[in-house]
Amino acid sequence: MLKKRIDVAAKRVPADLVIKNGKVINVFTREIVTEDIAIVDGYIAGTGTFEGYETVDASGKYIVPGFIDGHVHIESAMVIPSEFSNVVLPHGVTTIVADPHEIANVSGTEGIDFMLKASEDIPLEVLLMLPSCVPATPFENAGATLEHSDLEPYYSHPKVIGLGEVMDYPSVLYKDDKMLDKIMDASLKDKHIDGHASGIDADGINVYMSSGIRTDHECVTSEEALVRMRKGMYVMLREGSAAKDLITLLKAVNENNARRCLFVTDDKHLDEIIDEGSIDFNVKTAIQEGLDPLLAIQMATLNAAECFGLKTKGAIAPGYEADFLLLNDLQTVDIDSVYKGGKLVAKDGDVIKPSKSSTAPPAIITDSVNISPVSLKDLKVKMSEGNMANIIKIKPKMIVTNHLIEEVDVIDGYFQPSIGKDQLKIAVIERHYRTGNIGLGIIKGLGIKNGAIASTVAHDSHNIVAAGTNDDDLLKAIQATADMKGGLAVVEDRSLLASLPLPVAGLMSDKDYRVINEQIRELNDALVKIGCSMEFNPFITLAFLALPVIPELKLTDIGLFDVKTFQHIDIEAVSIK
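Residues numbered from 1 in each chain as written. Predicted model: local features only at pLDDT ≥ 70, side-chain atom pairs only at ≥ 80, totals over all residues. Heavy atoms only, no water.

Let us look at the overall build of the protein chain. The helix and strand tally for the protein chain stands at 17 helices and 30 strands. Whereas a compact globule of 577 residues would reach a radius of gyration of roughly 25 Å, the protein chain reaches 24 Å, a difference of no more than 12%. With the principal axes as the frame, the protein chain shows a C-alpha extent of 90 × 45 × 45 Å. If you take every contact in the protein chain between residues at least 6 apart in sequence, the share linking residues at least 24 apart comes to 69%. For the protein chain, the accessible area works out to roughly 20,900 Å², and carbon and sulfur atoms hold 49% of it. Charge centroids of the protein chain, computed over 56 positive and 84 negative side chains, lie 2 Å from each other. (Helix = DSSP H or I, 4+ residues; strand = E, 2+ residues; numbered from the N terminus. Rg over C-alpha atoms; globule rule 2.2 N^0.38 Å. Contact = heavy atoms within 4.5 Å. Areas by Shrake-Rupley, 256 points an atom, 1.4 Å probe, with all protein chains shown as cover. Lys, Arg positive; Asp, Glu negative; His and termini not counted. Charge placed at Lys NZ, Arg CZ, Asp CG, Glu CD.)

This is the structure:
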């Protein structure tokens, strides 16, 4: 293959494929050059003037490298890898850096094995970062615990390129041996280490950088982004479903620092990927916000490749993989066609040949919802000393929350949800080991006017999380998700209005993505019926209310959790445990 590539480069033999007359985006020099691209065995042998056995006339088209999503959880799209490939390839994403910590928190190494196996033989290139924090913290119950000895063997796998987002900052700060073992394993093997620096100040970034952590996708302000760039971090500009930070973070990007920036989606629901896009949406938005198109494309390609040491990706140049897009228009990022390894894989918004999975998930993954019986009595919130409560305040389109203290309605010593005060009940039910743990709390800002919703998608331990206006509907929604062996449910007046079964670890469906998307639309219709304005999606927001590493106040199966003090607190605003 090397000899053949050299022969094609030297023009001694024709290329397999030549893309002619296209306006090539050079991401090294940020210029546009009209030239041919010679491809052989899935690699670019040369650019200039070439002949080939097959030619494609790209006159009038812009040719850009395939987009790279630098940090994504496939599970958040609620589809298995083959269907994820079918969805994102038409949006120009040819490579993703995936962190399977969602399924690992449910099914441990069996979950990692499934994601690796299910990612084989699909055109989308799936590179994996090993989950560093399973569970995310010791303040909740997940389905597995992964030590460094569980992770270390995976570094020999060719698709494993590093250690995933280190979100347990206190364990790094206070030199927890188990965490340092994981970091050392990755460092000694020259693997990349991702960060998760939500709410961490400049001193904390010193700690992360000194430990070998080099990226962060949790910036929510331009000031945070600049702090990280100045200390040498790569900043991942995120636009997901719950966390929509892109436009804010773009204010920090300029020609002097853009090489430290790349685009990610992190957690993005299937319907949003279909409707608005993936990394192509990030690029398009950056251009609309005034960023030079060539700079935006550089961030989506070369920057991401260099961040992860992917030496043959991210550019259209000799010796690089032939992953590229043909665009009809540069400003709007209008994608005509997508090539992966020199093969046409998507055209006019659809894949050429849909991927189908040949990997069936094992029973440990499909039978992952195991709860103790839940009764109405279990959902009561006792208020024994007054009517002031600690409340989780939702911030629309963000995964951070505020910690409020407000007066609540109390009848016979128990909290009563109030639509007028916008104070609803939230519950987290442990679903892995039948412990019977139920965390209860009060939320404000979810926007439900009647009924309840429940889901087994609850980052990162993925216990059942439910919220509603009354206990009857709350209980019905919880039971519906358990009966489905995982999924999402909308209930009103004790009737199931809509549901989405997610039998693969309670996180994903193995159905065709179009079928899943239709079920999502039915869920959305049901959400409107129970009073949601859909300014933001309540399910997406709900999924992050159980994540105790994102400020300020969250709920685990053990109880209400203050992220600032890293301890559980009472619902009543009178004492701290």
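Per the counting criterion, the structure on display carries 35 salt bridges. Measuring nitrogen to oxygen at the nearest pair gives 2.8 Å for the salt bridge that ties R12 to D7. Taking relative accessible area as the criterion, D7 reaches 25% and is therefore assigned partly exposed. With a closest N to O distance of 2.8 Å, D336 and K347 form a salt bridge. Here D336 is found in strand 15 (residues 334–340), whereas its partner K347 is found in strand 16 (residues 343–347), with eleven residues between them in sequence. The network of salt bridges with common partners includes E125, K159, K313, E321, D323 and K340. (Salt bridge = Lys/Arg side-chain N within 4 Å of Asp/Glu carboxyl O. Buried < 20%, exposed > 50% of the residue type's maximum accessible area, 1.4 Å probe, protein only.)

Our focus in this paragraph is the sheet that holds strand 30 (residues 567–568). Taken together, three strands build an open sheet; the order of strands is 28-29-30 and the sheet is antiparallel. One side of each edge strand has no neighbouring strand; the edge strands of this open sheet are strand 28 (553–555) and strand 30. By the bridge criterion, two bridges tie strand 29 (residues 560–562) to strand 30 in an arrangement that is antiparallel. Bridging across to strand 30, F561 finds its partner in H568. (Pairing = 2+ DSSP bridges.)

When the UniProt feature table is mapped onto this chain numbering, "domain: Amidohydrolase-related" (unreviewed entry) sits at residues 62–345. Taken end to end, residues 62–345 has its terminal C-alpha atoms 17 Å apart, with 36% of it in helix and 21% in strand. (UniProt positions renumbered as here; feature names shortened; annotations may be inferred.)

Right, let's talk about the UniProt feature "domain: Adenine deaminase C-terminal" (unreviewed entry) in the protein chain for a bit. As annotated by UniProt and renumbered to match this structure, "domain: Adenine deaminase C-terminal" (unreviewed entry) occupies residues 399–567. The distance separating the terminal C-alpha atoms of residues 399–567 is 19 Å; by composition the span is 21% helix and 33% strand.

Take helix 3 (residues 101–118) next. An ideal rise of 1.5 Å per residue puts 26 Å on 18 residues; helix 3 reaches only 15 Å between its terminal C-alpha atoms. For helix 3, the principal kink sits at S107 and spans about 140 degrees. Across the 18 residues that make up helix 3, a large majority, 14, are buried. (Expected span 1.5 Å × (residues − 1). Bend = angle between axes of the 7 residues up to and from the residue.)

As a further point, take the packing of aromatic side chains. With the rule as written, the count across this model stands at six aromatic pairs. Members of the aromatic cluster, joined through ring pairs, are F139, F561 and F566. Over the aromatic face of F50 sits the side chain of K11, whose NZ or CZ is 5.0 Å from the ring centroid. In this structure, K23 packs its charged tip against the face of Y62, placed 4.1 Å from the ring centre. (Phe/Tyr/Trp six-rings, centres within 6.5 Å; stacked < 30°, edge-to-face > 60°. Lys NZ or Arg CZ within 6 Å of the ring centre and 35° of its normal.)

Counting buried positions along strand 25 (residues 464–468) gives five out of five residues, so the element sits mostly inside the fold. Residue alternation in strand 25 divides its side chains into two sets, I464, A466 and G468 and V465 and A467, and both sets are buried. By the bridge criterion, five bridges tie strand 22 (residues 424–429) to strand 25 in an arrangement that is antiparallel. By the bridge assignment, V428 is partnered in strand 25 with V465.

If you trace the backbone, V40 turns up in strand 2 (residues 31–40). Counting along the chain gives 23 residues from V40 to L17, while the straight-line C-alpha distance between them is 6.8 Å. Apart from the residues within four sequence positions on either side, V40 is in contact with K4, R5, V8, D16 and A45.

Moving on: the sheet that holds strand 18 (residues 388–394). Ordered in space as 19-18-23-22-25-24-26-27, the eight strands form an open sheet in which the pairing is mixed. Strand pairing shows two members of the sheet lacking a second neighbour, strand 19 (401–407) and strand 27 (495–501), which therefore form its edges. Adjacent strand axes in the sheet meet at a mean angle of 25 degrees when their direction is disregarded. Here strand 24 (residues 452–455) runs beside strand 25; their pairing, made up of four bridges, is antiparallel. By the bridge assignment, S455 is partnered in strand 25 with V465. Where helix 16 (residues 513–529) meets the sheet, its contacts fall on strand 24, strand 26 (487–492) and strand 27, and the angle it forms with strand 27 comes to roughly 150 degrees. (Axes fitted to C-alpha atoms, helices over the stretch in contact; angles between N-to-C directions.)

Two strands pair when backbone bridges link them, and strand 15 and strand 16 are joined in this way by four bridges, in the antiparallel orientation. By the bridge assignment, V338 is partnered in strand 16 with A346. In this antiparallel pair of consecutive strands, strand 15 and strand 16, the connection spans two residues, and G341 shows a positive phi of 60 degrees. In this structure, strand 16 lies alongside strand 17 (residues 350–351), joined through two bridges in antiparallel fashion. Along strand 17, the bridge assignment pairs K347 with D350. Between the antiparallel neighbours strand 16 and strand 17 lie two residues, among them D348 with a positive phi of about 50 degrees.

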